[in-house]
Amino acid sequence: MLIPGTNVNAAVSLGFAEALSRSGPLIVLDVPGQPGLSAGERPRRHRTDRYGRWLTDILPQVTSEPAVVVGHSLGGAIALASGSDLISGRLLVSTAGLVRLRVGASLLGATMPVAPPLRTAGRAARAAQSSPGASVSDELSRWMALVGSSCRSSLAPAPLPSTALARARSVPNMVVTGSHDVFLPPARLGPAAEQRLGTRLRVSTAPGISCRRSPPSDSAPSWPSSRTRAGGIKNA
């Protein structure tokens, strides 16, 4: 089961979803309050806790068997906040919820509303979030420009409380980030993953939080594929 991050949805994550589906059937959930096909209302208070309860409530509606939950960015924090018995493991890609995100001046400048035309601003934002020399997808640039002109982005969630993370340790958790991730660089996310979740960070050569076309090749879940059974590729 895939939970996309902030400002993205199942339609924008098709490349990521298709790569994951090679390991087993997959369901993709659009997050409420994010641009997509889910509910438009966004939790205003206790956001991560409410998102965790949303995932706990929706899991038995879409699967009767334990599933590995793949969470990207905000989706990772949501996966960690849910204590559902149907979660058999988590793959957390550039996950929020463990430590506060780092936002540098270059990224702020690229996403300021005074930046020139929307498509240029979208491309600048993607470039600011990508590794040196990485190509910036026109599709993602156009999507980010559309989101910037139509939606108000949500802020990154605060780190989860220790009680929630202690509960999350009851199943295997794998944390992955890109070597050039600008929001959650390895030097920042690695210690948090070890201290707060008891797992070693895996570093990929992928661009980082902006890599949504395919999961890092060295981060495939090592749990039995039968645990990922949750229906076909589907947007719920």
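Residues numbered from 1 in each chain as written. Predicted model: local features only at pLDDT ≥ 70, side-chain atom pairs only at ≥ 80, totals over all residues. Heavy atoms only, no water.

Quick word on the packing of aromatic side chains
Here comes step 1: Tallied over the entire structure, the rule returns 1 aromatic pair.
Here comes step 2: With centroids separated by 6.5 Å and ring planes inclined at 70°, the aromatic side chains of Y51 and W54 adopt a geometry described as edge-to-face. Remark: W54 and Y51 occur in helix α2 (residues 47-62); sequence separation between them is 3 residues, near one turn of the helix.
Here comes step 3: A relative accessible area of 18% means that W54 is categorised as buried. (Phe/Tyr/Trp six-rings, centres within 6.5 Å; stacked < 30°, edge-to-face > 60°. Helix = DSSP H or I, 4+ residues; strand = E, 2+ residues; numbered from the N terminus. Buried < 20%, exposed > 50% of the residue type's maximum accessible area, 1.4 Å probe, protein only.)

Details of the confidence of the model for the protein chain
Here comes step 1: Considering every residue of the protein chain, the mean pLDDT works out to 77; 71% of them sit at 70 or more.
Here comes step 2: In this model, residues 110-131 is a region of pLDDT below 50 whose contacts with residues beyond four sequence positions or in other chains number 41 contacts.
Here comes step 3: This model gives residues 209-214 a pLDDT under 50, and the stretch forms 25 contacts once residues within four places in sequence are excluded. (pLDDT = per-residue confidence, 0-100. Contact = heavy atoms within 4.5 Å.)

Section: helix α3 (residues 74-81)
Here comes step 1: Extensive coverage of α3 is indicated by the burial of 8 of its 8 residues.
Here comes step 2: Within α3, the full set of buried residues consists of L74, G75, G76, A77, I78, A79, L80 and A81.

Focus on the packing of α2 against α3
Here comes step 1: At a closest axis distance of 7 Å, the pairing of α2 and α3 adopts a crossing angle of 70°. The angle between α2 and α3 falls in the class roughly perpendicular. Like other packed secondary-structure pairs, α2 and α3 cross with a definite hand, here right-handed. Only L74, A77, I78, A79 and A81 of α3 make contact with α2, whose side of the interface consists of R47, T48, Y51, G52, W54 and L55.
Here comes step 2: Residues belonging to the contact of α2 with α3 are distributed by class as follows: 8 nonpolar, 2 polar and 1 charged. (Axes fitted to C-alpha atoms, helices over the stretch in contact; angles between N-to-C directions. Parallel < 35°, antiparallel > 145°, perpendicular 65-115°, else oblique. Left-handed = near helix turned anticlockwise from the far one by under 90°. Nonpolar A, V, L, I, M, F, W, Y, C, P; charged D, E, K, R; others polar.)

Some points on the pairing of strand β3 (residues 67-72)
Here comes step 1: For β3, a buried count of 6 out of 6 residues is recorded, marking the element as mostly surrounded by other parts of the structure.
Here comes step 2: Relative to β3, strand β1 (residues 2-3) is paired through 2 bridges, and the arrangement is parallel. Residue pairing for β3: L2 is matched across the bridge by V70.
Here comes step 3: Two elements, β3 and strand β4 (residues 87-93), share 6 bridges in a ladder whose sense is parallel. Paired with G71 across the strands is L92, a residue of β4. (Pairing = 2+ DSSP bridges.)

Points about the pattern of salt bridges
Here comes step 1: Evaluation of the coordinates by the stated rule reveals 1 salt bridge.
Here comes step 2: Between D49 and R53 there is a salt bridge, with the nearest N and O atoms lying 3.2 Å from each other. Of the two residues, D49 and R53 both sit in helix α2, 4 residues apart, roughly one turn of that helix.
Here comes step 3: Residue classification places D49 among the partly exposed residues on the basis of a relative accessible area of 44%. (Salt bridge = Lys/Arg side-chain N within 4 Å of Asp/Glu carboxyl O.)

Some thoughts on the nonpolar core
Here comes step 1: Counting residues in hydrophobic clusters, the biggest one holds 34 residues, and the most contacted among them are L55, I78, L80, L98, V175 and L197.
Here comes step 2: Elements with a contribution of two residues or more to this core: α2, α3, β4, α7 (162-168) and α8 (186-197).
Here comes step 3: Residues contacting I78, with those up to four places away along its chain left out, are I3, V31, Y51, G52, W54 and L55.
Here comes step 4: Counting 12 residues, the second-largest nonpolar core is a separate cluster that includes L26, V28, L91 and M174. (Core = buried A, V, L, I, M, F, W, Y, C linked by side-chain atoms within 4.5 Å.)

Thoughts on the environment of G89
Here comes step 1: Turning to its location among the elements, G89 is positioned in strand β4.
Here comes step 2: Note on G89: relative accessible area 0%, which makes it buried.
Here comes step 3: G89 sits 22 residues away from A67 along the chain, and the two C-alpha atoms are 7.1 Å apart.

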